[in-house]
Amino acid sequence: MIMYLQRGFPDLPLTTSSSCMLKKSLPTMTKLRNPVAGSSFTRELSSSLLSRREFSSGSDLPPHQEIGMPSLSPTMTEGNIARWLKKEGDKVSPGEVLCEVETDKATVEMECMEEGYLARIIKGDGSKEIKVGEVIAITVEEEEDIAKFKDYSPASNAGSAAEKGPSTPTPAKQEVVEEPVSASEPKVSKPSTAPAEDRIFASPLARKIAEEQNILLSSIKGTGPDGRIVKADVEDYLASSKKGVSATTPKAKDMKAPVLDYIDTPPSQIRKVIASRLSLSKQTIPHYYLTVDICVDKLMHLRSQLNSIQEASGGKRVSVNDLVIKAAALALRKVPQCNRSWTDDYIRQYKNVNINVAVQTDYGLFVPVVKDADKKGLSKIAEEVRYLAQKAKENSLKPEDFEGGTFTVSNLGGPFGIKQFCAVINPPQAAILAVGTSEKRVVPGTGSEQFKFASFMSVTLSCDHRVIDGAVGAEWLKAFKGYIENPESMLL
């Protein structure tokens, strides 16, 4: 008789370094440490499969645990194994990190909370596209049981039907059924190859790609377990076929075709999420844009004075972006209709003013959040922005560094000199502010033939028209402009 104890893991709103915990008893809550604030917080476990304990009866396998790929965010359906910090045969203790999992937003440390031994690693370093719930490792309680799992392979992976083995007759029957089912593709008569393909084992994803590209599976050599054809085999076959075609094309045509030199790089999990969320934003959110030019002479003068005080006291310098964040937060408090988000059933009004700050890194675009920015001083905002930006560049942001943003500021003016641009709204928020660079302009003076120079900065507010009407967006920009052009009011 086989009994199972299932574990869950909380769905985090954005993926970052967190903890994946294993316990002997079935808990209803798990605790995650918050190294940023030095406190801890709890979350209810979801129904995502994490581990499964099996008790052997009439079998040569002793009691063991199957550790599954956890679900670490609402958008996560699969993950990658970055690297294992423990190797097969190592003893593991509560709190020790087993491996690093690359999710759709960052790298997550998976910790063990049960003492035992890592008997077998099913998915090694660099394993890609592992479905949530799919078994990645086996642990045992006794050291002498490790050798019994040398050639162990899980009977099934709950999170991924694509990796099920062909050891039972059920997958073979499924393959026969799946082959002719395609409503969109034209009917092609293949009487001589149909029986052969019924006996070829391939993952559903590999079979789907082969059908879309009109490739016979019998012409592909499988490299998976027991010769099963996997996605990589089909992609390799396609790549080699393209090379063959490009080699014969000049002979077929009596003309010179341009030769392109390029490198194909698979998108990272972070890039996939960015593409998905921004595509969703542009396709489903009715954007409109409001642009205004703001004189920043007084702002620059105030910044110079504040930095003199900061340098004298040993504090951090205040940037223009810090002043923009503070002004945006105060404008949201003054015009709360812009501090909202849309759902199909209701419009949510936020009482907190939490500003996400766009940070570009080598790993992708991150938007850490400065919480309650309307209640914080400029020196505190400057300190938090620098700290979060450094963590983003190190790819070490935590869930609490992303959660709860109600408005986003994206500044391409200061670091890159962009004059003006329109940013894409970060859902589920209803607005984002795009900040351009400042430039000197000639403006009329007090007399009829007098003039003077002044510095102006262009900003563009992107709004969700379902939530923010044009007049409301204009009212917010007016309030924001008032704080920038009269920065002393931000200190009151």
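Criteria and thresholds
Residues numbered from 1 in each chain as written. Predicted model: local features only at pLDDT ≥ 70, side-chain atom pairs only at ≥ 80, totals over all residues. Heavy atoms only, no water. Helix = DSSP H or I, 4+ residues; strand = E, 2+ residues; numbered from the N terminus. Buried < 20%, exposed > 50% of the residue type's maximum accessible area, 1.4 Å probe, protein only. Contact = heavy atoms within 4.5 Å. Patch = residues over 30% accessible without salt bridge, like charges linked within 9 Å, V, L, I, M, F, W, Y side chains within 5 Å. Areas by Shrake-Rupley, 256 points an atom, 1.4 Å probe, with all protein chains shown as cover. Salt bridge = Lys/Arg side-chain N within 4 Å of Asp/Glu carboxyl O. pLDDT = per-residue confidence, 0-100. Pairing = 2+ DSSP bridges. Axes fitted to C-alpha atoms, helices over the stretch in contact; angles between N-to-C directions. Expected span 1.5 Å × (residues − 1). Phe/Tyr/Trp six-rings, centres within 6.5 Å; stacked < 30°, edge-to-face > 60°.

**Q** Help me understand the overall build of the protein in this model?
**A** In terms of helices and strands, the protein carries ten helices and 21 strands. A total of 492 residues make up the protein; the buried ones form 45% of that total. Partitioning the intrachain contacts of the protein with sequence separation of at least 6 by distance along the chain shows that 64% fall at a separation of at least 24.

**Q** Teacher, can you tell me more about a nonpolar patch on the surface here?
**A** A surface patch of nonpolar side chains, about 360 Å² in accessible area, is lined by V442, F451 and F453. Examined against the element boundaries, F451 turns out to sit in strand 21 (residues 451–464).

**Q** Quick question: what am I supposed to make of the pattern of salt bridges here?
**A** Pairing between side chains of opposite charge can happen when the charged atoms of each approach one another. Tallying each qualifying case throughout the model produces 20 salt bridges. A salt bridge links K86 to E96; the nearest nitrogen and oxygen atoms lie 3.5 Å apart. Of the two residues, K86 sits in the loop between strand 5 (78–84) and strand 6 (91–92) while E96 sits in strand 7 (residues 96–102), which places them ten residues apart along the sequence. Its salt-bridge partner being E129, residue K231 comes within 3.0 Å of it at the nearest N-O pair. Separated by 102 residues along the polypeptide, K231 in helix 4 (residues 231–252) and E129 in the loop between strand 9 (116–121) and strand 10 (130–131) bring together distant segments of the chain. For E129, a relative accessible area of 29% translates into the label partly exposed. Each of E78, E129, K131, K231, E235 and K272 takes part in one network of salt bridges that share partners.

**Q** I would appreciate a short explanation of the confidence of the model for the protein in the present structure.
**A** Close inspection of predicted coordinates is inappropriate for parts of the model with low pLDDT. Residue-level pLDDT values for the protein average 78, and 75% of them are 70 or greater. Low confidence marks residues 1–49, where pLDDT is under 50. Its contacts with residues over four positions away, or in another chain, come to 161 contacts. Long-range and interchain partners of residues 54–58, a stretch whose pLDDT sits below 50, account for 15 contacts in this model, where long-range means more than four residues apart.

**Q** For this particular structure, what's the right way to read the sheet that holds strand 21?
**A** Sheets are built from strands that pair by backbone hydrogen bonding, the pairs being arranged parallel or antiparallel. With mixed pairing, the six strands of this open sheet are ordered in space as 12-21-20-19-15-18. Two strands bound the open sheet, and with one partner strand each, they are strand 12 (287–295) and strand 18 (369–370). As judged from the nine bridges shared by strand 12 and strand 21, these two strands associate in the antiparallel manner. Residue pairing across strands places Y288 opposite C463, the latter belonging to strand 21. Across the sheet, helix 7 (residues 320–334) lies against strand 15 (355–357), strand 19 (407–411), strand 20 (431–444) and strand 21, angled at about 150° from strand 19, the strand it touches most.

**Q** Could you clarify how one ought to interpret helix 10 (residues 470–485) in this entry?
**A** Each α-helix turn comprises 3.6 residues. Residues three or four places apart therefore point the same way. With 16 residues, helix 10 extends 22 Å between its outermost C-alpha atoms, agreeing within 8% with the 22 Å of an ideal straight helix rising 1.5 Å per residue. Where helix 10 is buried, its residues touch strand 12, helix 6 (297–313), helix 7, strand 19, strand 20 and strand 21.

**Q** For this particular structure, what's the right way to read unusual backbone geometry?
**A** Residues apart from glycine generally show negative phi values, whereas peptide bonds are mostly found in trans. Cis geometry marks the peptide bond from P427 to P428, where omega comes out at 10°. As for its placement among the helices and strands, P428 is situated in the loop between helix 9 (413–416) and strand 20. One non-glycine residue, E129, lies in the positive phi region at around 50°. The phi dihedral of N395 falls on the positive side, at around 60°, and the residue is not glycine. Within the element layout of this structure, N395 appears in the loop between helix 8 (378–393) and strand 19. With relative accessibility at 13%, the residue N395 sits in the buried group.

**Q** Even after reading the chapter, I still don't get helix 3 (residues 204–212), so can you show me in this structure?
**A** For helix 3, every residue scored as buried is listed here: A206, R207, I209, A210 and E211. Immediately beyond the C-terminal end of helix 3, within one or two residues, lies N214, with a positive phi of roughly 55°.

**Q** How should the environment of K282 be read in this particular structure?
**A** In this fold, K282 is placed in helix 5 (residues 269–284). The sequence separation of K282 and P427 amounts to 145 residues, and the corresponding C-alpha distance is 9.9 Å. Once residues within four sequence positions are removed from consideration, K282 is found in contact with H287, Y289 and V424.

**Q** So what exactly am I meant to see when it comes to the packing of aromatic side chains here?
**A** Two measures describe an aromatic ring pair: the distance that separates the ring centres and the angle between the ring planes. Across all of its chains, the model carries five aromatic pairs by this definition. Between F149 and Y152, the ring centres sit 5.4 Å apart and the planes meet at 65°, which makes this aromatic pair edge-to-face. Assessed through its relative accessible area of 0%, F149 is described here as buried. Measuring from ring centre to ring centre gives 6.2 Å for F366 and F402, while their planes differ by 35°; the resulting arrangement is tilted. Remark: F402 occurs in the loop between helix 8 and strand 19 and F366 occurs in strand 17 (residues 364–366); sequence separation between them is 36 residues. Note on F402: relative accessible area 4%, which makes it buried. The structure contains a cluster of three or more aromatic residues connected by ring pairs, namely F407, W476 and F480.

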